[in-house]
Every structure is written in structure tokens, then in C-alpha cells.
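# Reading the structure
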Amino acid sequence: MTAVDPATASNVDPAAPAAGGLPGLASLTARHPRVPAARLLAELVPPRHFAQESFETYLPDPAHPSQQGAVDRLREVAAALAAPARAGGSWWRRRAAAQAPAVYLDGGFGVGKTHLLASLAHAVGLERTTYGTFVELTHLVGALGFAATVDALGERRLLCIDEFELDDPGDTVMMSRLLRELADRGVAIAATSNTLPGSLGEGRFAAEDFLREIQALAARFDVLRVDGEDHRHRGVTTSAAVLDAGSVRAAVGAHPAATLDDFDAVLAHLSDVHPSRYGALLDGVDLVGLTGVHQVDRQDVALRLVVLVDRLYDRDVPVVLSGDGEDLFTAEMLTGGYRKKYYRALSRWSALAAAGSQGAAARGGQRG
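Now for a quick tour of the structure. (Residues numbered from 1 in each chain as written. Predicted model: local features only at pLDDT ≥ 70, side-chain atom pairs only at ≥ 80, totals over all residues. Heavy atoms only, no water.)

For helix α10 (residues 263-270), the full list of buried residues reads F263, V266, L267, H269 and L270. Viewed along the axis of α10, the buried residues span an arc of 160°, placing them on a single side of the element. A side-chain oxygen of the first residue of α10 lies 3.1 Å from the backbone nitrogen of D264; this N-cap is D262. (Buried < 20%, exposed > 50% of the residue type's maximum accessible area, 1.4 Å probe, protein only. Helix = DSSP H or I, 4+ residues; strand = E, 2+ residues; numbered from the N terminus. Arc of directions from axis to C-beta. Polar contact = N/O pair within 3.5 Å; in protein donor to acceptor, adjacent residues only side chain to side chain.)

Tracing the sequence through the fold places L281 in the loop between α10 and β9 (287-293). Between the alpha carbons of L281 and P33 there is a distance of 6.0 Å; along the sequence they are 248 residues apart.

With 39 residues, the main nonpolar core has F263, V288, L305, F329 and W349 as its most contacted residues. When residues of this core are traced back to their parent elements, those giving at least two are α10, β9, α11 (299-314), β10 (319-323), α12 (331-335) and α13 (339-367). A total of nine residues in this core trace back to one element, the largest contributor, which is α11. Each residue touching W349, except ones within four places of it in the same chain, is listed here: A240, F263, L290, V293, V309, L321 and L328. (Core = buried A, V, L, I, M, F, W, Y, C linked by side-chain atoms within 4.5 Å. Contact = heavy atoms within 4.5 Å.)

Turning next to the sheet that holds strand β5 (residues 158-162). Strand order in this open sheet of five strands is β4-β5-β6-β3-β7, and the pairing throughout is parallel. Every other strand in the sheet has two partners, leaving β4 (129-133) and β7 (221-226) as the edge strands with one partner each. In this sheet, neighbouring strand axes are inclined to one another by 15° on average, regardless of whether the strands run parallel or antiparallel. Along the sheet face, helix α2 (residues 65-80) touches β3 (102-107) and β7 and points at about 145° away from the line of β7. (Pairing = 2+ DSSP bridges. Axes fitted to C-alpha atoms, helices over the stretch in contact; angles between N-to-C directions.)

Quick look at unusual backbone geometry now. We note that D316 has phi near 55°; this positive angle belongs to a residue other than glycine. Mapped onto the elements of the fold, D316 is located in the loop between α11 and β10. Overall, D316 belongs to the partly exposed group, its relative accessible area being 39%.

The next thing to look at is the packing of helix α5 (residues 134-144) against helix α7 (residues 169-184). The relative placement of two packed helices comes down to the angle between their axes together with the axis-to-axis distance. Interaxial distance between α5 and α7 falls to 11 Å at its minimum, and their mutual angle equals 80°. On the basis of their axis angle, the class for α5 and α7 is roughly perpendicular. Residues F134, L137, T138 and V141 of α5 pack against D171, T172, M174, M175 and L178 of α7. (Parallel < 35°, antiparallel > 145°, perpendicular 65-115°, else oblique.)

Quick look at the pattern of salt bridges now. Summed over all chains, the structure comprises 19 salt bridges. Notably, a salt bridge pairs D222 with R73, separated by 2.9 Å at the nearest N-O pair. One end of the pair, D222, is in strand β7; the other, R73, is in helix α2, with 149 residues separating them in the sequence. Here R185 ties to D151 by a salt bridge, and the two come within 3.0 Å at their closest N and O atoms. Note that R185 is positioned in the loop between α7 and β6 (188-192) and D151 in helix α6 (residues 146-153), a separation of 34 residues in sequence. D151 sits in the partly exposed class, given a relative accessible area of 40%. (Salt bridge = Lys/Arg side-chain N within 4 Å of Asp/Glu carboxyl O.)

Moving on: the sheet that holds β9. As summarised here, the arrangement of the three strands in space is β8-β9-β10, forming an open sheet in which the pairing is parallel. On the outer flanks of this sheet lie β8 (258-262) and β10, each paired with one strand and no other. With strand direction ignored, the average angle separating the axes of adjacent strands in the sheet is 15°. In terms of strand pairing, β9 meets β10 through four bridges, oriented parallel. Pairing of G289 across the sheet is with V320, part of β10. Across the sheet, α10 is in contact with β8 and β9; its angle to β8 comes to roughly 95°.

What follows concerns the pairing of β9. Regular strands place their side chains on alternate faces of the sheet. Most of β9 is tucked away: six of the seven residues are buried. When β8 meets β9, the two strands line up parallel, connected through five bridges. Bridging across to β9, L260 finds its partner in G289. Running through α10, the crossover from β8 to the neighbouring parallel element β9 is right-handed. In the classification by handedness, the crossover that spans β9, the intervening α11 and the parallel β10 is right-handed. (Right-handed = clockwise from strand over helix to strand, strands pointing away.)

Here it is, written out as C-alpha cells:
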């Protein structure tokens, strides 16, 4: 079970029963995290799936020379940022801003862009790098305020943005301004975006969309095309493994670090917790049980659920589910402007549910 720092732990009522679950079991809805700014910043590091990755562990495909080209260019960026930062007046800051590299990794689904971005962060040094997804950084601004975020991130040498998203005009404008402010302070920037499996055309237009949206910064960015096939050879999964409610409760009851909640109760609770705190909501949790799962038909509720799924996935927390495992999001959502978010969440939701059901089956076999 993950250790919890008492100074940053969630507020939890240990006696509170899980809504819709068994009395005495832990519940996500009993948690009301208070997360200091220092923790929010400290958690902006590469996800644990890529905690040990480096340029050496990235194996370029000889059939796609652009992969080796991206590695070579990112090594150059890391070397340029290796020199210690220098203090100075406005002249030095203008010079640093003009010289700060900015790169954009443009490619399809599963070609290793996140691996490369994490490798760059490790090469530069995590103590000098801010690494987060587009959504995590927009939530950071919401939690700290714009000026405080600029000041905090401006102390680092590199900002890595994974999965830069262009589906929300307001967030895109805000992020473009954030990038401009940080670039003016001499912070290097590296970004990626993602495409759906099979959306071959979308990947090739992502760079054009990105450069158009960041406008004034576009000339500073070096676009690195990363061609290749999806190395995970996976498609989009729109359903998740489900168990009966009794099996979910049994799985949770047999696990010392599990929570059990009614799906609707969790969705309601998420509206009362800032998305920047969803990670803290999972402190010390190794398994999440949800009963009464069904399709979500409200966009605001669905987008909050997407963030929770991302945090579960980042922390490798499996889920056990009862209810309807088909069509978590509506057809309109899966064809609308936020479709990339929803398909990413479905893929991760399915993987987490598969891990949870397999674990429950294994524990059942051990008891038998």
C-alpha cells in the first residue's frame, strides 16, 4: 500500500461506510483531500509507467528513421539544458528566452512519444523539470492561480506537456499564454499530442493545429515527426469487465487497501472535489470497487470521470465493477469535440477493470 504523508493526507472518516457498499469498508466519498501547493508541484513528474525510462531504453524502429532523428534532437536539447541556470538582469533573461529550445513531438498513437518526453525529463533532471499532462497543468492553474503558477514553473529549466489538447478553446488560450510567459523567462518547452488508433490523418495535422493555436510562439517550436506503428498493437475498447455486486463487495472486503462506493455517489462527490485533488483522493488506495456502473450522459460529469480514470491509471489502481460495462459514454460524446479524452478514458478504464477482475478471480481461487 502506498505510504501517506500525514502532512498532506486526505481527510478521511474511517468510520464512514461506503455509499452502497458494506458498513466498515473505506469509501472514496468519505475523503475530502486538502492538498498544499508544494505537493501539487512535486507530483508533476513522469507517470510511474515511465519512471525508469531513458533514451537508452527507447528502441527506434529502423523502418522509421524519424524515431532515431527525434532521439538525436532531444539529446541535443538535454545537452543544451545541462548547463546550470544563471542569474542575471533583464538582458540575460531576454538572451535566455531567445535561446530556450522548444520542441513538439508530432505522431500517431503508440509510437513512443511519451517515452521520449519522459526520457528528456530524466535526462534534464526531475528537480529541474515540470512534467504534466495538459489537463494536469490547467488544473494546477485553477488551484494556484495563473501568476503563482507562472512563478512556480518559471523556476524550472524545462516544461514537458504530454497530450496537449486543443478541444477546449478557453483552456487552449490559457495554456498558450502560460507557455508564452514561461518561454519569456527562458524555460524550455517540450510537448506531445495524441491521436486515436486508426485516425491516420489526424496525427499528421496535429502539429499544424498546435502551431496555429499557440500563434506567437509557433516560430520557436521545432516540430519532430515521429512515424511508426502502434507498438502496443491495441485498438479502442469501449467496454469493461464487470462482476456481480456480491463479487465486487467480496473482492473489496478481502483487500486491506480497497474502497467500495456506489457509482452515482462517486460521481456526485467528484463535483465537490477540485480535479487537482483527485490524485490525493486515492492516497493509500490499491483497489477501487464501484457498484451500479451505468452510462454517463452529462458532459460535465463525464469529463470529471475522465480525470479520475487518468489518476487511477497513473497510479496503477485497478477497479472492480458491477453494473453495465458497455457504452460508458454516449455516442454523441464519442463523436464530439472531446472524443479523444473519452476514448483514452475508455481504453484505460477497460485495462483497469481487466486487472481488477483478474485479481479478484485469483484471490477467489486462492480461497478455494
